[in-house]
2 protein chains.
Amino acid sequence: MMDPVPSWARTCPVPIDEQSERISLAHGEGARLSRRLIAERILPRFASPDATHFQDAATVTTVGCRLAICTDSHTVSPMFFPGGDLGSLAVFGTVNDLAVAGSHPRWLTLSLIIEEGLPISVLERILDSVSEAARQCRVRIVAGDTKVVPRGAADGLYLNTSGVGELIDPVPPGPCAIRVGDQILVSGPVGQHGIAVLSVREGYFFDSAPLSDSGSVIEQVVALRDSVGPHIRAMRDATRGGVSAVLHEWATECQQSFVLSESAVPLTEAVRGACELLGLDPLYVASEGMIVVAVDPEYASEAVCALRSVKGCEQAAVIGEVTTRGICPVSIRRVLGTPQPLDEPSGAPLPRIC
Amino acid sequence: MMDPVPSWARTCPVPIDEQSERISLAHGEGARLSRRLIAERILPRFASPDATHFQDAATVTTVGCRLAICTDSHTVSPMFFPGGDLGSLAVFGTVNDLAVAGSHPRWLTLSLIIEEGLPISVLERILDSVSEAARQCRVRIVAGDTKVVPRGAADGLYLNTSGVGELIDPVPPGPCAIRVGDQILVSGPVGQHGIAVLSVREGYFFDSAPLSDSGSVIEQVVALRDSVGPHIRAMRDATRGGVSAVLHEWATECQQSFVLSESAVPLTEAVRGACELLGLDPLYVASEGMIVVAVDPEYASEAVCALRSVKGCEQAAVIGEVTTRGICPVSIRRVLGTPQPLDEPSGAPLPRIC
């Protein structure tokens, strides 16, 4: 896949030419070149007591005994997009999964699958993003791995981040606890990440270039926990498949239905315009810094207020409610017209969005 | 990379034809097809309290507070080889990293990067291997992820397994604790995995088809801990770059030198013959079920006895010792001739071995 213009090169902010130092298969052999790559390019970016040794497994000490564990591989294309890149996306994504599970994100692992021929400067740029995102989230990268595959056996670079967090009471019980009457909230405008990636991938030009919302949701989760903690049923970040995917999963778990109000869904002008132009429903488009929340109706207003106090979440809003299970697991009251089913997409037109 | 005869097909034990059901990009979109794939093909293989929900992060309870965390991506080619496959290799690899760190392996995550077009039956075969290996090791797969990339953006299937284990005292202090006089042991014949993969990859024919030693080292580690626990300096499984890579890393950490005795290194006839034929030094060839141990010299014999009581480790042996740092970090007394440097390979001829 490393043809003359690989998919990541078009939006790559690092200058590349024929003299650029590149990853070779030898970098993945576990021998001298591997060790030099790790010692010179990787470890220095993650300097911590756990990251100074060539050890396969890091040892850490947790204060409590209840943990959240998650994993995600990241294959976003292109690697660099407005508002982030593969590296920051990977860290924020895993941190967010730990946060919405009700935990304090603590430790991450970082595994690289690198295509032979990738310029080392591109790898370093991504690693810098990983390092900066981890610093922002106050998580430590404690273990890692590097594999190199031959040209054509990957598309530049894939990352896997796995994470461990310490559960903090009250822990949301999850979608099984969702009841009729519960309110559905979003913490901010939907679909920003998917539109940002799509715009650069397809070379669309918009009046206002859409930025991804890729970022940590820790502050949002903490604000909710501190204000209405025991009354939250479930939280999820709305990544692949957007808000629709989350609600369809929740509907399966709780065996109820969700009714949304289209006019209540917050959108940026950039996303609204792009979706209209492209014929996309923003409820199917990925976000990467926004969460969907199911909450006891008596505490919905308080939850919205708490979210709106977080920077970037000023448009947090109730967008729907839970009703007795009907024919449609998820439906929507359109601005014009009667309530319609919001189908679960069988395959969205947005592959490799995260 | 999904050409008419993809790299994994030649050794694939599952019958494939044009009617075989295949992975499509839609399987990776996070929508209906993704959920069906997970619900019908993935979750049932990992049935446990943690694996029955569509949750991004699993919650677990640990009895103590000191953990080992590790990660590995697996890109072995071909996917199926004598003695194992990508699935079993991934589980044993991560379990082994946790074991040699001095922990009881408890929870794994499993992340799949699947190339569009991979037959679903091949995926299921690999998942069966993952499930069986996890059962053998008594670890739980608690969280997962599935990404699909377009044809040509991966070579069939890549896995990432990350793991969490609970540290058990005494925990080996690591290579910094290695001292002059310490003995270097191996728990069994070296290089079996690398030769097995190479033999099928290159289509070599040997009198006795070499089997990979891919498997759990938990029993070996437990035997050592129970017999000579406090006297173990360090343990490592000798994967990429073989015994040589481990000792070069240790030499860097402890700033001493290692002298090996070629005649003491246990080899199977298959590996000995293949290495002679191919001009390979087995000390550079990967194992996947064998560990290298640095131990206090007074307890070396006891350590060897303990290892030899474990099935498959009957050839455990002392292969060298630690000396004051000389010019060469690692050297070897050949059967014929004087001691020679055992260089760290800058790039071994065995890419994508694990």
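Note that the structure is predicted; figures quoted are calculated from it, not measured. (Residues numbered from 1 in each chain as written. Chains lettered and ligands numbered in written order. Predicted model: local features only at pLDDT ≥ 70, side-chain atom pairs only at ≥ 80, totals over all residues. Heavy atoms only, no water.)

Participant: Looking at this structure, how should I read the overall build of chain A?
Facilitator: The secondary structure content of chain A amounts to eight helices and 14 strands. Relative to a compact globule of 354 residues, whose C-alpha radius of gyration would be 20 Å, chain A shows 21 Å and is just as compact. Projecting the C-alpha coordinates of chain A onto the three principal axes gives extents of approximately 65 × 50 × 35 Å. Residues counted as buried form 64% of the 354 residues belonging to chain A. When the accessible surface of chain A is split by element, carbon and sulfur atoms take 51% of a total near 12,900 Å². Separation between the mean location of the 28 positive side-chain charges and that of the 41 negative ones in chain A comes to 4 Å. (Helix = DSSP H or I, 4+ residues; strand = E, 2+ residues; numbered from the N terminus. Rg over C-alpha atoms; globule rule 2.2 N^0.38 Å. Buried < 20%, exposed > 50% of the residue type's maximum accessible area, 1.4 Å probe, protein only. Areas by Shrake-Rupley, 256 points an atom, 1.4 Å probe, with all protein chains shown as cover. Lys, Arg positive; Asp, Glu negative; His and termini not counted. Charge placed at Lys NZ, Arg CZ, Asp CG, Glu CD.)

Participant: Would you mind showing me how to read the layout of surface pockets here?
Facilitator: With a probe scaled to a water molecule rolled over the atoms, the places where space remains empty come into view. Residue and element names in this part refer to chain B. Quantified by volume, the largest pocket comes out at close to 600 Å³. Lining of the largest pocket is provided by 27 residues; of these, Asp 213, Gly 215, Ser 216, Gln 220 and Lys 311 occupy positions nearest its centre. Residue assignment for the lining of the largest pocket shows that the elements contributing at least two residues are helix 2 (86-100), helix 3 (120-137) and helix 5 (218-228). Ranked by residues supplied to the lining of the largest pocket, first place goes to helix 3 with four residues. Among the residues forming the lining of the largest pocket, the class breakdown is eight nonpolar, 15 polar and four charged. Domain assignment of the residues forming the lining of the largest pocket places at least three in each of domain 1 (7-167) and domain 2 (175-341). (1 Å grid on protein atoms, 1.4 Å probe; cavity = no way out; pocket = protein on both sides within 12 Å on 5 of 7 lines; lining within 4 Å. Points joined across faces, edges and corners; volume = space filled by probe spheres on them. Nonpolar A, V, L, I, M, F, W, Y, C, P; charged D, E, K, R; others polar. Domains from an automatic or database assignment.)

Participant: Help me understand the interface of chain A and chain B in this model?
Facilitator: In many reports, interface size means the accessible area that the parts give up when they come together. With 75 residues of chain A in contact, the opposing surface of chain B contributes 75 residues. Between chain A and chain B lies a buried interface of about 6,200 Å² when both sides are counted; carbon and sulfur atoms form 55% of it. In terms of surface lost to chain B, no three residues of chain A exceed Glu 29, Ile 69 and Arg 240 of chain A, which account for 12% of the buried area on that side. Counting the contacts that link chain A with chain B gives four salt bridges. If you look at where chain A meets chain B, you find 18 residue pairs in polar contact (both at pLDDT 80 or more). (Contact = heavy atoms within 4.5 Å. Buried area = accessible area lost by both parts, 1.4 Å probe. Salt bridge = Lys/Arg side-chain N within 4 Å of Asp/Glu carboxyl O. Polar contact = N/O pair within 3.5 Å; in protein donor to acceptor, adjacent residues only side chain to side chain.)

Participant: Looking at this structure, how should I read the relation of the copies chain A and chain B?
Facilitator: Mapping one chain copy onto the other needs a rotation about an axis and a shift along that axis. Placing chain A over chain B gives an RMSD of 0.0 Å and needs a rotation angle of 180°, together with 0.0 Å of translation along the axis. Such values leave the two copies arranged in the relation of a two-fold axis. Minimal C-alpha distance to the rotation axis in chain A is attained by Ala 154 of chain A, lying at 2.2 Å. Mapped onto chain B, 100% of the interface residues of chain A are again interface residues, and the two copies thus contact each other with one and the same surface. (Least-squares fit on C-alpha atoms with pLDDT ≥ 70 in both.)

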